[in-house]
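Each chain, letter by letter, is given below.
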Amino acid sequence: MSRMLLWAGAAALAVGAAVVPVTADEHSDAKLGLLAEVPAPKELKIKDGTAEGHKTPAEVLGKAIKAAKADEMETLKACLGKDAARNADYDYYGGFGEEKGSTYLKAFGKLLAAYDDKAENFKTMEQGTVGNYAVVAVRKGEAVHMVRCVREAPEEADKEGGKKIYNWFLASCTPSDYRVDYNTSAMKAFRETLDSGDVAKLKEFIQEQDTPTLNLLKDVQEGVDPYALLMKRLQKIGKNAEKPVLLLSRWGSGYENQVAFWFHSDTADTFIVLRFRDDSSDWENKKYQTKLYLDLYNIAEFHKDAGDHFKNFINDWDWG
């Protein structure tokens, strides 16, 4: 199977394509999603911007990459949304080599300059029903990066018939957001783990912070392993649709980003959420890697109230 999972179908990283049927008590399956609370994927949209170079998410990303390659920092900064632009000139102390001791603008610009600005390497993904937030996936060799974009009015917005002009901007200038590889080899390993039902392997994708509750339930009933039940739940979620829609959380932590794999069918909406972490622990070789973990908190929140969490996860609110 090609590592270019993000380009392997309309929904990109197709976790569900590798999920196999499982044997389980047909009466034990709780309701997995509330269809009425979650929009259909066809309802997702992207509103247009106005200014040249800012009409679409892909257009502003292409403009930013060209500016980064040409070392035109003012043009690059003008491609940033309000929040990102306010942070752009702060000193950046993370990272290895040339990035260290730079500003956020220069550090993320070096990463962006390595991107290919050809349109065929871009895939724009609608993220909500409002149309003010979108993601552009960028192929770079075998790696795939996902760039958050926001549609908003500039701080000093021009007026046109008494209305603000809204344009597309990059939502972040944090370097780690541009390093994370969403086509990491760990993604293939995770798919194969679900495919095989290997519970021991599944534990490798669970962070220690998420294990106390599962460990509490161990040995409560003979023959019932909470990790095995989790595996069954994940497999059931993935069986709901052949391919998922990808939702990148609007707000990452700076070095860790959450992706919801949304499995939509006529009967239910189900979600598997993964954390993609930009890891810099290999100081000896000065190398970054993307680590992948299950996000049990967000999976549970989608399971509890899919509609409300959908809106919060991608900030699907209308501001103009």
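Residues numbered from 1 in each chain as written. Predicted model: local features only at pLDDT ≥ 70, side-chain atom pairs only at ≥ 80, totals over all residues. Heavy atoms only, no water.

The contact between helix 10 (residues 296-304) and helix 11 (residues 306-314) brings their axes to 6 Å, and the two run at 130°. In terms of orientation, helix 10 and helix 11 fall into the oblique class. Contacts between helix 10 and helix 11 involve N298, E301, F302 and K304 on the former and, on the latter, A306, H309, F310 and F313. Of the residues assigned to the contact of helix 10 with helix 11, the class counts are 4 nonpolar, 2 polar and 2 charged. (Axes fitted to C-alpha atoms, helices over the stretch in contact; angles between N-to-C directions. Helix = DSSP H or I, 4+ residues; strand = E, 2+ residues; numbered from the N terminus. Parallel < 35°, antiparallel > 145°, perpendicular 65-115°, else oblique. Contact = heavy atoms within 4.5 Å. Nonpolar A, V, L, I, M, F, W, Y, C, P; charged D, E, K, R; others polar.)

Describing an aromatic ring pair means giving the distance of the ring centres and the angle of the ring planes. Evaluated as defined, the whole model comprises 9 aromatic pairs. Ring centres 6.5 Å apart and planes at 45° place the aromatic pair Y115 and Y178 in the tilted group. One end of the pair, Y115, is in the loop between helix 4 (104-113) and strand 3 (122-126); the other, Y178, is in helix 5 (residues 175-179), with 63 residues separating them in the sequence. Looking at Y178, the relative accessible area reads 3%, which means it is buried. The interplanar angle of 15° and the centroid separation of 6.0 Å between the aromatic rings of W262 and F271 together place this pair among those described as stacked. (Phe/Tyr/Trp six-rings, centres within 6.5 Å; stacked < 30°, edge-to-face > 60°. Buried < 20%, exposed > 50% of the residue type's maximum accessible area, 1.4 Å probe, protein only.)

With respect to topology, 4 strands assemble into an open sheet ordered 9-10-11-12, the strand pairing being antiparallel. Each edge of the open sheet carries a strand with a single partner, namely strand 9 (245-248) and strand 12 (287-294). Taking the axes of each pair of neighbouring strands and ignoring which way they run, one obtains an average angle of 25° across the sheet. In this structure, strand 11 (residues 269-282) lies alongside strand 12, joined through 7 bridges in antiparallel fashion. Of the residues in strand 12, the one forming a bridge with D278 is T290. The sheet strands contacting helix 9 (residues 226-239) are strand 10 (256-264), strand 11 and strand 12, and the helix crosses strand 11 at an angle near 115°. Across the face of the sheet, helix 10 comes into contact with strand 10, strand 11 and strand 12 while running at roughly 165° to strand 11. (Pairing = 2+ DSSP bridges.)

Glancing now at the pairing of strand 3. Across 5 bridges, strand 3 lies against strand 4 (residues 133-140) in antiparallel orientation. Across the sheet, residue T124 finds its bridge partner in strand 4, namely V136. Hairpin remark: strand 3 followed by strand 4, antiparallel, with 6 residues in the connecting loop; positive phi at G131, about 100°.

Read across the sheet, 4 strands follow the order 3-4-5-8 without closing on themselves; strand pairing throughout is antiparallel. In this open sheet, the two strands that pair with only one neighbour each are strand 3 and strand 8 (167-170). Across the sheet, the axes of successive neighbouring strands diverge by a mean angle of 30°, strand direction being ignored.

Most of strand 11 is tucked away: 11 of the 14 residues are buried. Sheet topology note: the strand 10/strand 11 ladder contains 9 bridges and is antiparallel. Across the sheet, residue F263 finds its bridge partner in strand 11, namely T270. The turn linking strand 10 back onto strand 11 is made up of 4 residues.

Residues of helix 10 that are buried: L296, N298, I299, E301 and F302. Residues of helix 10 that are buried make contact with helix 8 (212-216), helix 9, strand 10, strand 11, strand 12 and helix 11.

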